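# Structural overview
The lines below spell out each chain.
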Amino acid sequence: MAEQVLNVTGLAARVEDKQLLHGVDLTINKGETHVLMGPNGAGKSTLGYVLMGAPKYTVTGGQILFKGEDITHESTDKRAKAGMFLSFQEPLEVPGLTLEGFIRSALQQKVGHVRYYDFKKDLARCMDILQMDASYAERSLNVGFSGGEKKKAEILQLMMLKPSLAILDETDSGLDVDAVRTVSHGVRLYREQQHGALLIITHSTRILESLPVDAAHVMENGVIVKNGGPELVDAINDVGFWDSIPLWAVTLIGGLLITVLSFVMILTVYGRMFSLWMYAAIAPIPLAAFAGEPTANVGKNFIRSYAGVCLQGLVIALSCVIFSALAASPPSVDTSASVVTAVWTYV
């Protein structure tokens, strides 16, 4: 049986009076890579902060088990010492504290005394993998770093601290293609050498191109609404988050839209048909002359009106078909097909 690193059940949390998480369930085993995706404001980053014990958030329900221990109400430093790591979406700048000093202090808090020679050797090796200039080790933490260098510094900490669980919050945002490959390489080495578990929070899948994914999750409104394997990531890339919308909602929206379009179409078609009938009825009699219009224009108007009926029928029919394709729902497609048939029957 796989060794569980993280087991979250019914997790609920709030900030002040605003409830942000509404019962999250999540299990991650040793060596697994899980991807958490979802629209903006879904609660993805909030989940990462709550798992890490950020004091800003208050847990109102549920339980967090980390390596079999209940850490639901433990402080952030105790979670970090136990082997949990969170990379920030927007890393903070800390003047006066060097990157090297920060990593060494954090490592000593976790494992105790660290020989300086061994530390420097390992630090240089990791910085070389991430293609970071050695001078960054002596600079204040993230001060004056570019967005890409800040993200590399986060992955450097990951590689040096070797946690049991790493939560990466949009680590690939703001990185160019080469930087994404470099960061992804560092994350892959961490997984292979440490056999660590990963929870990758992302909007993009670029960082996943060289990482094997074991499970994917979609979060909306503070709840994980869908779970799947690597194929779920591909599906989201293809059609976005439509698939996570309940079928009843898609059907309701589709039904309302098609009903409105059909009603408009019927009124328009009947109006055009009335015009056609009028033109056909008065064509033999030059009544148009009384309105100052040459009788010859009656035929042109007749053709113009008929063309208008056909064009509007085509627009409504295409609208129904396009919506059906977007919704990717069999009930919607069937309904649209019947509307298309009805429209062309009227025409």
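In this text the structure is predicted, and so the values were computed from the model without any measurement.

Under the defined criterion, the tally for this structure stands at ten salt bridges. Between R125 and D122 there is a salt bridge, with its nearest N and O atoms 2.7 Å apart. Of this pair, R125 and D122 both sit in helix α4 (residues 116-129), separated by three residues, roughly a single helical turn. Assessed through its relative accessible area of 35%, R125 is described here as partly exposed. Members of the salt-bridge network, linked through shared partners, are E100, K120 and E138.

Counting through the fold element by element, T182 comes out in helix α6 (residues 177-194). Those residues in contact with T182 that lie beyond four places of it in its chain are I129, L130, Q131 and K152.

So, on to the side chain of E100. In this structure, E100 sits in helix α3 (residues 99-111). Of the polar contacts made by the side chain of E100, one reaches the side chain of K120; its length is 2.9 Å. Discounting residues that sit within four places of it in the chain, E100 has contacts with Y116, F119, K120, L123, A137 and E138.

Turning next to the packing of α3 against α4. Helix-helix packing is characterised by the crossing angle of the two axes and by the distance between the axes. Axis separation between α3 and α4 bottoms out at 12 Å; the angle between their running directions is 120°. In terms of axis orientation, α3 runs oblique to α4. Crossing handedness for the pair α3 and α4: right-handed. Contacts between α3 and α4 pair E100, I103, R104 and L107 from the former with Y116, F119, K120 and L123 from the latter.

Moving on, we come to the pairing of strand β9 (residues 165-169). Burial within β9 is extensive, with five of its five residues counted as buried. The side-chain alternation of β9 yields two buried faces, one formed by L165, I167 and D169 and the other by A166 and L168. Relative to β9, strand β6 (residues 84-87) runs parallel, the two being bridged by four bridges. Bridging across to β9, S87 finds its partner in L168. Looking at chain direction, β9 and strand β10 (residues 197-201) are connected through five bridges and run parallel. Note on β10: the bridge partner recorded for I167 is L199. The parallel pair β9 and β10 is bridged by α6, and the resulting crossover is right-handed.

Calculation criteria
- Residues numbered from 1 in each chain as written.
- Predicted model: local features only at pLDDT ≥ 70, side-chain atom pairs only at ≥ 80, totals over all residues.
- Heavy atoms only, no water.
- Salt bridge = Lys/Arg side-chain N within 4 Å of Asp/Glu carboxyl O.
- Helix = DSSP H or I, 4+ residues; strand = E, 2+ residues; numbered from the N terminus.
- Buried < 20%, exposed > 50% of the residue type's maximum accessible area, 1.4 Å probe, protein only.
- Contact = heavy atoms within 4.5 Å.
- Polar contact = N/O pair within 3.5 Å; in protein donor to acceptor, adjacent residues only side chain to side chain.
- Axes fitted to C-alpha atoms, helices over the stretch in contact; angles between N-to-C directions.
- Parallel < 35°, antiparallel > 145°, perpendicular 65-115°, else oblique.
- Left-handed = near helix turned anticlockwise from the far one by under 90°.
- Pairing = 2+ DSSP bridges.
- Right-handed = clockwise from strand over helix to strand, strands pointing away.

Function cannot be inferred from these measures alone, as they are strictly geometric.
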